[in-house]
Amino acid sequence: MSVQANTGLKIYELTELPYLKVHGRTTGELAPLTLFWTGSAVELNVRGSELWVEVESQYDMYESWISILINGVPVIRQMLTAGRYWVCVFRGMNADVVKNVRIVKDVQAMSGDPGCALQIHAVKSDGAFLPVQEKPYKIEFIGDSITSGEGAIGAKAEEDWIPMWFSAIHNYTFMTAEALNAEYRVISQSGWGVLTSWDNNPKGNIPEYYEQVCGLLTGERNDALGAGDQHDFGSWQPDVVVVNLGSNDGGAFQSPEWKDPDTGKVYKQRLNEDGTYHEEDLAVFEKAVEQFLFKLRKNNPAAHLVWAYGMLGFPMMPAIYRAVDAYTEGTGDRKVSIIQLPDTTEETVGARTHPGELSHRRTAEVLAEYVRGLIG
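Everything numeric here is computed off the predicted structure, so don't read it as measured data.

Criteria and thresholds
- Residues numbered from 1 in each chain as written.
- Predicted model: local features only at pLDDT ≥ 70, side-chain atom pairs only at ≥ 80, totals over all residues.
- Heavy atoms only, no water.
- Pairing = 2+ DSSP bridges.
- Helix = DSSP H or I, 4+ residues; strand = E, 2+ residues; numbered from the N terminus.
- Axes fitted to C-alpha atoms, helices over the stretch in contact; angles between N-to-C directions.
- Contact = heavy atoms within 4.5 Å.
- 1 Å grid on protein atoms, 1.4 Å probe; cavity = no way out; pocket = protein on both sides within 12 Å on 5 of 7 lines; lining within 4 Å.
- Points joined across faces, edges and corners; volume = space filled by probe spheres on them.
- Nonpolar A, V, L, I, M, F, W, Y, C, P; charged D, E, K, R; others polar.
- Buried < 20%, exposed > 50% of the residue type's maximum accessible area, 1.4 Å probe, protein only.
- Salt bridge = Lys/Arg side-chain N within 4 Å of Asp/Glu carboxyl O.
- Core = buried A, V, L, I, M, F, W, Y, C linked by side-chain atoms within 4.5 Å.
- Expected span 1.5 Å × (residues − 1).

Residues and numbers for the sheet that holds strand S14 (residues 240-244), please.
Strand order in this open sheet of five strands is S13-S12-S14-S17-S18, and the pairing throughout is parallel. Among the strands making up the open sheet, the edge pair consists of strand S13 (182-188) and strand S18 (336-340). Pairs of neighbouring strands in the sheet enclose a mean axial angle of 20°, with direction left out of account. Direction of pairing for S14 relative to strand S17 (residues 304-309): parallel, over a ladder of four bridges. The residue of S17 that forms the bridge with Val240 is His304. Where helix H4 (residues 279-299) meets the sheet, its contacts fall on strand S12 (137-143), S14, S17 and S18, and the angle it forms with S17 comes to roughly 145°.

Given below as structure tokens:
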């Protein structure tokens, strides 16, 4: 049986679309558009029967995945193999009804794969594009593997570290934003912290790259795409910044030392003989938290800063409290607060011993209620 081709399809470069909404930090370049961070997306309102998107996916190790939402509901999730090609978003739908479409990057920026990039070139449709309604609030989420949605999808038995088990949708960031009717962005990287990564590598800290578009990406290709460019904070100012960091900093105390292959210098967050955290090392962590708050406030002058922590235990909570107290006492900044998130349980754990969808949902309920009290 032959399939009747839709002869009414017309190709539009992204620069030709009158009402294109781009989510996530980008360079502003649309020819093509590079989606760097998890949760980054393009959003369209389309009145037509059919829609396709032209993607380009490249990688050496870790392929990209996308989720496609139609009228707010995830209906497609797929791996993007290498190459440039068209993906069908929908076909055969009522041509007279407007569909809200969001095409979402489901996987974090891959700092470990310099060849990984996801770009969108064009769309084609037989319909018309209409304005996308602006949301009343903006939220930025900053975090590690939890915020990247690692393990949020997949069976509890899964242990492979692969893009398949990441999700931007089965994720407290997406759920919290939906509950608050807010636009959101995510800055996150698995294994990273405020001061150090889980394995004591001091280069694995989010604050160092916060002021760049996506500076933790490496390689000539990412440089050419503008990942290392300075981010224009004036282009998007959040009402709330949620920082969910500290889990990997805590893990570094339990991990072996890390030796810099270039300098030979050894790094290690130390434990005392009784298993408690070494006070000097804890103080360095607290100083890193305090300094990051200064950086966040400099770039987001009007935002509420919320340190949210606890989905994989909360051993660093006393240190976080001391650091936030030191910052607020030193600056008089009263728009900074802390919330302890619900711990992940045997019932709510997901793949790779990370929070599963149930854990993300429970966190989103608690966090949305808290944030609502700040912005309501």
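Give me empty space enclosed by the protein: which residues, what numbers.
If you walk through the whole model with that rule in mind, you get four cavities of 30 Å³ or more. Looking at the largest cavity, its volume works out to about 70 Å³. Breaking the lining of the largest cavity down by element, the ones donating at least two residues are strand S10 (117-125) and helix H2 (220-225). Grouping the amino acids of the lining of the largest cavity by side-chain chemistry returns eight nonpolar, two polar and one charged.

An account of unusual backbone geometry is requested, with residue identities and associated values reported.
For the bond running from Ala31 to Pro32, omega is 0°, close enough to zero to count as cis. Even without a glycine there, the phi angle at Asn181 is positive, about 55°. Looking at the secondary structure, you find Asn181 in the loop between helix H1 (172-180) and S13. Residue classification places Asn181 among the partly exposed positions, given a relative accessible area of 39%. A positive phi angle, near 55°, is found at Arg352, a position not held by glycine. Along the chain, Arg352 turns up in the loop between S18 and helix H6 (357-375).

Explain the pattern of salt bridges to me, using residue names and the numbers behind them.
If you walk through the whole model with that rule in mind, you get 16 salt bridges. When the shortest N-O distance is used, the salt bridge between Glu183 and Lys21 registers 3.0 Å. With Glu183 in strand S13 and Lys21 in strand S2 (residues 21-23), the pair connects residues that are 162 residues apart, well separated along the chain. Each member of the pair Glu183 and Lys21 is classed as buried. Across the pair Glu290 and Lys287 runs a salt bridge, and its minimum N-O distance is 4.0 Å.

Describe in detail the nonpolar core, supporting the description with residues and values.
If you look at the biggest cluster of nonpolar residues, it comprises 43 residues, and the most contacted ones within it are Ile142, Leu216, Phe292, Leu293, Leu296 and Trp307. Those elements that provide at least two residues to this core are S14, H4, S17, helix H5 (317-331) and S18. No other element matches the seven residues that H4 contributes to this core. Setting aside residues up to four positions removed in sequence, Leu293 forms contacts with Leu305, Trp307, Val324, Tyr327 and Val336. Within the second largest apolar cluster, 28 residues are counted, among which are Ala41, Ile146, Ala364 and Val371.

With reference to specific residues and values, describe helix H3 (residues 247-254).
Most of H3 is tucked away: six of the eight residues are buried. Turning to H3, its buried residues number three or more, namely Ser247, Asn248, Asp249, Gly250, Ala252 and Phe253. Buried positions along H3 lie against H4 and S17.

Help me get a handle on the pairing of S10, residues and values and all.
Of all nine residues in S10, nine are buried; the element is thus mostly enclosed. As defined by bridge partners, strand S1 (residues 10-13) adjoins S10 across four bridges and the pair is classed as antiparallel. Residue pairing in the sheet places Glu13 in a bridge with Ala122 of S10.

So what's going on with the side chain of Ser49? Which residues, and what values?
Mapping Ser49 onto the fold places it in the loop between strand S4 (41-47) and strand S5 (51-58). Residues contacting Ser49, with those up to four places away along its chain left out, are Asn6, Phe90, Arg91, Gly92, Met93, Ala95 and Asp126.

Talk me through H4; I want residue IDs and the actual numbers.
With 21 residues, H4 extends 31 Å between its outermost C-alpha atoms, agreeing within 8% with the 30 Å of an ideal straight helix rising 1.5 Å per residue. Contacts from the buried residues of H4 go to S12, S14, H3, S17, H5 and S18.

Everything listed is a geometric property; what it means functionally is a separate question.
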